[in-house]
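If you want the building blocks of each chain, they are given just below.
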There are 2 protein chains.
Amino acid sequence: MKVTVCGCGRWGSFLAWYAAQQCSHTVTLYGRENSTHFQQLVQTHSNELITFPDTVQFSSNLRGAVQSAEVIVISVGAQSLRSFLQELTAAECAGKTFVLCMKGIEATTGLRLTQVVREFLPDVALAVWVGPGHVQDFLQGIPNCMVIDSDSMEVKRRVVKIFESPLIRFYFGDDLLGNEVGAAAKNVIGIAAGMLDGLNKTALKGALMSRGTREIGRLIQAMGGREITAYGLAHLGDYEATVFSRYSHNRKFGEDFVQNVHYEKLAEGVPTVTALLQLGERYAVELPICKAVDSVINGGQEPNRVLSGLFLRSIKMEF
Amino acid sequence: MKVTVCGCGRWGSFLAWYAAQQCSHTVTLYGRENSTHFQQLVQTHSNELITFPDTVQFSSNLRGAVQSAEVIVISVGAQSLRSFLQELTAAECAGKTFVLCMKGIEATTGLRLTQVVREFLPDVALAVWVGPGHVQDFLQGIPNCMVIDSDSMEVKRRVVKIFESPLIRFYFGDDLLGNEVGAAAKNVIGIAAGMLDGLNKTALKGALMSRGTREIGRLIQAMGGREITAYGLAHLGDYEATVFSRYSHNRKFGEDFVQNVHYEKLAEGVPTVTALLQLGERYAVELPICKAVDSVINGGQEPNRVLSGLFLRSIKMEF
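Just so it is clear, the structure is predicted and the values come from calculations on it, not from any experiment.

Draft legend 1. Up close: the packing of aromatic side chains. Residue and element names in this part refer to chain A. Applying the stated rule across the entire model yields 28 aromatic pairs over all chains. Judged by centre distance (5.9 Å) and plane angle (35°), the ring pair of Phe-14 and Tyr-18 falls under tilted. Here Phe-14 and its partner Tyr-18 are both found in helix α1 (residues 10–21), 4 residues apart, which amounts to about one turn of the helix. Residues Phe-14 and Tyr-18 agree in their burial class; the two are buried. An aromatic cluster is defined as three or more aromatic residues linked by ring pairs; in this entry it consists of Trp-11, Phe-14, Trp-17, Tyr-18, Trp-129, Phe-138, Phe-163 and Phe-170.

This is how it looks when you write it as C-alpha cells:
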C-alpha cells in the first residue's frame with residue numbers, strides 16, 4: 001500500500017521507516033525543502049537514529065506526495081498543523097485516509113488536532129495514533145502498545161490493519177476527544193516530572209501521577225469525553241515514556257528549565273499547557289498541575305515553592 | 001507523646017527515628033530478642049541507614065513496650081501479623097491507638113490486615129498508614145505525601161496530628177478497604193515491573209501502569225470499596241517508589257527472578273499475589289497481571305512468553 005508520511009522530525013522519520021520496514025508499504029517521506037532534517041535525509045538516507053531502506057522515497061513536493069498515496073500520516077508540530085493544512089486542497093485529499101501521529105492542542109484556539117483537520121478536510125477518513133513508545137526502544141526491537149482512535153470504527157479497523165506489526169500492538173480507542181486531550185496533556189505532566197527531578201523531588205512523581213491523571217480525567221469528562229480515558233494508554237500509559245524515560249523531551253525540558261540549563265527549543269508541552277488552561281476556564285475545571293507548570297515557565301514563579309505548594313500544602317481528603 | 005514502634009526492619013526502624021526526630025515523641029522500638037536487626041540496634045543505636053537519637057529506647061519486652069505507650073505503630077511482616085498479635089491481650093491494648101504501617105494481605109485467609117487485627121483487638125482505635133516513600137529519600141530530607149485511613153474520622157485526625165511533619169504530608173483516605181488492598185497490590189505490580197525490566201521490556205511499564213491500576217480498581221470495587229482508590233496515593237501514587245525506584249525491593253525481586261539472579265528473601269508481593277488471586281476468585285474479578293506474576297513465580301512459566309502475552313496479545317478495545 002502507498003503511504004506518505006508528512007514530517008521528517010524524529011517521530012515522522014521513524015514512522016516512515018516503520019511503515020516500510022515493518023509493514024512493507026511503499027513509503028514517501030515528505031519534508032520541507034529548507035529543513036535541515038530533510039536535507040540530511042535526502043543526502044544520507046539516514047538520521048542520527050535511523051538508516052532507511054532504499055525503497056523509501058523522499059519528497060519536498062507536498063501535493064505530489066499526498067496525491068500519490070492512499071494513506072497520509074501527519075507528524076508535524078501541533079502548532080504548525082494549521083499552516084501545513086493550508087497548503088492542501090480538499091480535492092487532492094478526497095478519498096484518502098489521514099492519520100495524525102501528533103500530541104498537542106492548538107494553543108491559539110484550544111482546538112483538538114482532529115478539529116483543526118476538520119476545518120480543512122471535513123470529509124476524509126481521519127484517525128489518531130497515540131500512546132507510549134520511544135524511537136530508540138522500537139529500533140532496539142522493544143515492542144509497545146499504542147492506540148488508534150477515530151469517530152469511525154471502520155476507519156479504526158482499517159488503520160490498525162494497515163500498521164499492525166509485532167513491534168506495535170494496537171488497541172482501539174473509543175473516546176477520540178479523551179485520547180487526543182490525554183495524549184497532549186501527558187507532555188505537561190512530563191514537564192512537571194522533569195521539574196521534580198531537577199529539584200531533587202523525584203519521590204513526588206508518584207503523587208504527580210496520581211494527581212495528574214485525575215486532573216486530566218476531570219477535564220476530559222467536562223469536555224464530553226470519558227474520565228477513564230486519562231487512565232488509558234494515551235495518557236497514564238504514556239507516563240513511563242514521559243515521566244520517567246531519559247528519552248523524554250518534555251521531562252528533560254522541565255529538568256533543564258528549573259536548573260537553568262540551556263535548552264534548544266521549547267517542548268511541545270509548553271504551548272499545550274497554554275491550551276489546557278484555556279480549556280480549563282472554558283469548561284470550569286481546576287487544573288492545579290497545569291497552573292503550576294505555567295506559573296513557573298510563563299509566570300517566572302520560583303519552581304521549588306510552586307511544586308512543593310502543589311503536593312505539600314495543607315492536609316485534606318485525598319478525593 | 002509515648003509511641004512504641006513494633007518491628008525493627010528497615011521501615012519500622014525508620015518510623016521510630018521519624019517519630020522521635022521529626023515529631024519529638026518519646027519512642028520505644030520493639031524487636032525480637034533473637035533478631036539480628038534488633039541486636040545491631042541495641043549495640044550500635046544504628047542500622048545500615050539510620051543513627052538513632054539517644055532518646056529512643058530499644059526493648060524486646062513486647063507487653064512492656066505496648067503497655068508503656070499511648071500509640072502503637074506496627075511494622076512487621078504482613079504474614080506474621082497474626083502470630084505477633086497472639087502475643088498480646090486485649091486488656092493490655094485497651095484504650096490505645098494502633099497504626100498499621102504495613103502493606104500486605106494475609107495469604108492463608110485473604111484477609112486485610114485490619115481484619116486480622118480486629119479478630120484480636122475488636123475495640124481499639126485502628127488506622128493504616130500507607131502510600132509512597134523510601135527510607136533513603138526521607139533521610140535525605142526529600143518529602144512525600146502519604147495516606148492515613150481508618151473506619152473512624154476521629155482516629156484519622158488524631159493519627160495525622162500525631163505524625164505530621166514537613167517531611168510527610170498526610171492525606172485522609174476515605175476507603176479503608178481500597179487503601180489496604182491497593183497498598184498491598186502495588187507490590188505485585190512492582191514485581192511485574194521488575195520482570196519487564198529484567199526482560200529488557202521496560203517500555204511496557206507504561207501499559208503495566210494503565211492495566212495494573214484498572215485491574216486492582218476493579219477488584220477493590222468488587223470487594224465493596226471504590227475503584228478510584230486504585231488511582232490514589234496508596235496504589236498508583238506508590239508506583240514511582242515501586243515500579244521505577246532502584247530502592248524497590250519488589251521491583252528488584254522481579255528483575256532478579258527473571259534473570260535467575262540469587263535473591264535473599266521473597267518479596268512481600270509474593271504472598272500478596274496468592275492472596276489477591278484468592279480474592280479474585282471469591283469476588284469473580286479477572287486479575288491477568290496477578291495471574292501472570294503467579295504463573296511465573298509459582299507456576300514455572302516462561303517469563304518472556306507470559307509477559308509478552310499479557311501486553312502484546314490480540315488486538316482489542318482498550319476498555
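Draft legend 2. Structural context of the sheet that holds strand β8 (residues 168–172) of chain A. Pairing in this open sheet of 9 strands is mixed, and the strands run β3(A)-β2(A)-β1(A)-β4(A)-β5(A)-β6(A)-β7(A)-β8(A)-β9(B) from one edge to the other. Since the sheet does not close on itself, it has two edges, and those belong to β3 (57–59) of chain A together with β9 (316–317) of chain B, each with one partner. Both β8(A) and β9(B) contribute to a ladder of 2 bridges, which runs parallel. What sits directly across from Phe172(A), in β9(B), is Met317(B). Across the sheet, helix α6 (residues 113–120) of chain A touches β5 (97–100) and β6 (125–130) of chain A, and the angle it forms with β6(A) is around 160°.

Draft legend 3. Local environment of the pairing of β5(A). Residues and elements named next belong to chain A. Taking every second residue as pointing to the same face, both faces of β5 are buried, with Thr-97 and Val-99 on one and Phe-98 and Leu-100 on the other. In this sheet, β5 lies alongside strand β4 (residues 71–74) in parallel orientation, the contact comprising 4 bridges. Bridging from a neighbouring strand, Ile-72 pairs with Phe-98 of β5. Alignment of β5 against β6, held across 4 bridges, turns out to be parallel. Looking across to β6, one finds that Thr-97 is bridged to Ala-125.

Draft legend 4. A look at the UniProt feature "active site" (unreviewed entry) in chain A. All names here are of chain A. As recorded in UniProt, the feature "active site" (unreviewed entry) lies at Lys-186. Relative to the helices and strands, Lys-186 is located in helix α9 (residues 176–198). With relative accessibility at 8%, the residue Lys-186 sits in the buried group.

Draft legend 5. Here's a closer look at the UniProt feature "domain: Glycerol-3-phosphate dehydrogenase NAD-dependent C-terminal" (unreviewed entry) in chain A. When the UniProt feature table is mapped onto this chain numbering, "domain: Glycerol-3-phosphate dehydrogenase NAD-dependent C-terminal" (unreviewed entry) sits at residues 175–307 of chain A. As annotated, residues 175–307 of chain A has a helix share of 65% and a strand share of 0%, and its two end C-alpha atoms lie 31 Å apart.

Draft legend 6. Spotlight on the pattern of salt bridges. Applying the stated criterion to the full structure yields 30 salt bridges over all chains. With a shortest N-O distance of 2.7 Å, Arg82(A) and Glu119(A) are connected by a salt bridge. With Arg82(A) in helix α4 (residues 81–85) and Glu119(A) in helix α6, the pair connects residues that are 37 residues apart, well separated along the chain. The salt bridge involving Asp197(B) is made with Arg251(B); its shortest N-O contact spans 2.8 Å. With Asp197(B) in helix α9 (residues 176–198) and Arg251(B) in helix α12 (residues 249–258), the pair connects residues that are 54 residues apart, well separated along the chain. Salt bridges sharing common partners tie together Asp197(A), Lys205(A), Arg251(A) and Glu255(A).

Draft legend 7. Spatial organisation of the environment of Val76(A). Looking at the element boundaries, Val76(A) is found in the loop between β4 and α4. Along the primary structure Val76(A) and Gly31(A) are separated by 45 residues, whereas in three dimensions their C-alpha atoms are 9.5 Å apart.

Draft legend 8. Main features of α9(B). Residue and element names in this part refer to chain B. Compared with an ideal rise of 1.5 Å per residue, which puts 23 residues at 33 Å, α9 spans 34 Å between its outermost C-alpha atoms and is within 8% of the ideal. Buried residues dominate α9, accounting for 23 of its 23 residues. A positive backbone phi angle near 60° is found at Asn-200, which sits one or two residues after α9.

The rules behind each value
Residues numbered from 1 in each chain as written. Chains lettered and ligands numbered in written order. Predicted model: local features only at pLDDT ≥ 70, side-chain atom pairs only at ≥ 80, totals over all residues. Heavy atoms only, no water. Phe/Tyr/Trp six-rings, centres within 6.5 Å; stacked < 30°, edge-to-face > 60°. Helix = DSSP H or I, 4+ residues; strand = E, 2+ residues; numbered from the N terminus. Buried < 20%, exposed > 50% of the residue type's maximum accessible area, 1.4 Å probe, protein only. Pairing = 2+ DSSP bridges. Contact = heavy atoms within 4.5 Å. Axes fitted to C-alpha atoms, helices over the stretch in contact; angles between N-to-C directions. UniProt positions renumbered as here; feature names shortened; annotations may be inferred. Salt bridge = Lys/Arg side-chain N within 4 Å of Asp/Glu carboxyl O. Expected span 1.5 Å × (residues − 1).

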